[in-house]
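# Reading the structure
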Amino acid sequence: MISRLIPIADIRPGAKIVHWRGTGAFVVQQIQPHDSRTLAFTVTTTDGRLLSVSSFAHLNVADPENT
């Protein structure tokens with residue numbers, strides 16, 4: 001599987017994340033905007049997990065054109 005690093009601000013629902021900080025692979029169901037107090041996005045996965053992701057993070061996203 002080919003993947004690429006994408007800034008968290010550019011990730012959209014449906015993105016397939018290859019891995020992030022030991023969470024394993026997951027699909028983004030919802031992403032809530034940057035919270036200026038915590039400098040983080042809240043990501044909801046399709047399997048029901050809630051992840052707090054730094055605004056400065058880059059996630060390893062599966063490239064749908066090459067999978």
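Just above sits the structure.
Note that the structure is predicted; figures quoted are calculated from it, not measured. (Residues numbered from 1 in each chain as written. Predicted model: local features only at pLDDT ≥ 70, side-chain atom pairs only at ≥ 80, totals over all residues. Heavy atoms only, no water.)

### A few points about the nonpolar core
Grouped together as the largest cluster of nonpolar side chains are 16 residues, with contacts concentrated most on I8, I11, I17, W20, V28, V43 and V53. Of all elements in the fold, only strand 3 (26–35), strand 4 (40–45), strand 5 (50–54) and strand 6 (58–62) reach the threshold of two or more residues within this core. Top contributing element to this core by residue count: strand 3, with 3 residues. (Core = buried A, V, L, I, M, F, W, Y, C linked by side-chain atoms within 4.5 Å. Buried < 20%, exposed > 50% of the residue type's maximum accessible area, 1.4 Å probe, protein only. Helix = DSSP H or I, 4+ residues; strand = E, 2+ residues; numbered from the N terminus.)

### A word on the environment of A57
Inspection of the secondary structure puts A57 in the loop between strand 5 and strand 6. Distance from A57 to D10, taken between C-alpha atoms, is 11 Å for residues 47 residues apart in sequence.

### Digging into the pairing of strand 5
A one-sided burial pattern is seen for strand 5, the buried positions being L51 and V53 and the unburied ones L50, S52 and S54. Of the strand pairs in this sheet, strand 4 and strand 5 are connected by 5 bridges, and their pairing is antiparallel. Each residue of the ladder has a partner; that of V43, found in strand 5, is L51. Count of turn residues in the strand 4/strand 5 antiparallel hairpin: 4 residues, of which G48 carries a positive phi of about 90 degrees. (Pairing = 2+ DSSP bridges.)

### Some words on the environment of T38
Mapped onto the secondary structure, T38 falls in the loop between strand 3 and strand 4. As for T38 and S52, which are separated by 14 residues in sequence, their C-alpha atoms are 9.4 Å apart.

### Digging into the pattern of salt bridges
Under the defined criterion, the tally for this structure stands at 1 salt bridge. Between R49 and D47 there is a salt bridge, with the nearest N and O atoms lying 3.2 Å from each other. R49 gets classed as partly exposed once you look at its relative accessible area, which sits at 26%. (Salt bridge = Lys/Arg side-chain N within 4 Å of Asp/Glu carboxyl O.)

### A few points about the side chain of T45
Secondary-structure assignment places T45 in strand 4. Separated by 2.3 Å, the side chains of T45 and D47 make a polar contact. Those residues in contact with T45 that sit more than four places away from it in its chain are F26, V27, Q29 and L51. (Polar contact = N/O pair within 3.5 Å; in protein donor to acceptor, adjacent residues only side chain to side chain. Contact = heavy atoms within 4.5 Å.)

### Points about the side chain of N60
By secondary structure assignment, the location of N60 is in strand 6. Within the local environment of N60, its side chain forms a polar contact with the side chain of S3, the two groups lying 2.8 Å apart. Here H19 takes part through its side chain, which lies 3.3 Å from a polar atom of the side chain of N60. Once residues lying within four places of it in the same chain are set aside, the contact partners of N60 are S3, R4, L5, K16, I17, V18 and H19.

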